[in-house]
Amino acid sequence: MNPEITQADVTVRQFSVQLSATRRGARLARLLATEQLRSWGLPFETAAQVVAELASNAALHGRVAGRDFRLALAATERTLRIEVTDTRSDRLPVSRRPGDDESGRGLILVDALADRWGVSPGPAPRKTVWAEIDLLP
């Protein structure tokens, strides 16, 4: 589904897909995001890497047997917002410094590539990890 919403000269393009919380689902999230951004005529290299990290985290750390994760993209003229929602609200992402631990290093990359990122809770048992990339300087 690829709706466009126009309000007060602001067009918002939206894309959302539910995927299995597996390594295969994470790879598919990156591929689908790349193709969607390409179809919108937006730069996709940086966003694809951010999607890959967030989807991988959802499949690895946010996985609950039998439950999927959701990838959502929303693009305006100025900003691309990437959201990955999983069903483990009890496991919040923590960015670590290199050498601190085996996990959390992917978020260092997200922090470097995205202009902003964070976590939005709920509704229980969900959490959404989001990242925004500015499209205009």
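Residues numbered from 1 in each chain as written. Predicted model: local features only at pLDDT ≥ 70, side-chain atom pairs only at ≥ 80, totals over all residues. Heavy atoms only, no water.

### Thoughts on the overall build of the protein chain
Assigned secondary structure in the protein chain consists of 3 helices and 6 strands. Helices and strands appear in the protein chain in the N-to-C order β-β-α-α-β-β-α-β-β. The burial tally for the protein chain puts 36% of its 137 residues in the buried class. Expressed as a percentage of contacts within the protein chain between residues at least 6 apart in sequence, the contacts between residues at least 24 apart total 61%. (Helix = DSSP H or I, 4+ residues; strand = E, 2+ residues; numbered from the N terminus. Buried < 20%, exposed > 50% of the residue type's maximum accessible area, 1.4 Å probe, protein only. Contact = heavy atoms within 4.5 Å.)

### Focus on unusual backbone geometry
What is expected of a backbone is that most residues other than glycine have negative phi and most peptide bonds are trans. At the junction of Gly 122 and Pro 123, the peptide bond is cis and its omega measures out at 0° in the coordinates. With respect to the secondary-structure elements, Pro 123 resides in the loop between strand E5 (116–121) and strand E6 (127–134). Note that the residue after Ala 124, namely Pro 125, is joined by a cis bond; omega there is 10°. Along the chain, the position of Pro 125 falls in the loop between E5 and E6.

### Digging into a positive patch on the surface
A surface patch of like charges, here positive, comprises Arg 23, Arg 24, Arg 27 and Arg 30. By secondary structure assignment, the location of Arg 30 is in helix H1 (residues 23–40). Given the relative accessible area of 32%, Arg 30 is considered partly exposed. (Patch = residues over 30% accessible without salt bridge, like charges linked within 9 Å, V, L, I, M, F, W, Y side chains within 5 Å. Areas by Shrake-Rupley, 256 points an atom, 1.4 Å probe, with all protein chains shown as cover. Salt bridge = Lys/Arg side-chain N within 4 Å of Asp/Glu carboxyl O. Lys, Arg positive; Asp, Glu negative; His and termini not counted. Charge placed at Lys NZ, Arg CZ, Asp CG, Glu CD.)

### Side note on the pairing of strand E3 (residues 68–75)
Taken together, the 8 bridges between strand E2 (residues 10–20) and E3 define a ladder with antiparallel strand orientation. Each residue of the ladder has a partner; that of Arg 13, found in E3, is Ala 75. One ladder, built from 6 bridges, connects E3 with strand E4 (residues 79–86); its direction is antiparallel. Note on E4: the bridge partner recorded for Ala 72 is Glu 83. Between the end of E3 and the start of E4, which pair antiparallel, lie 3 residues. (Pairing = 2+ DSSP bridges.)

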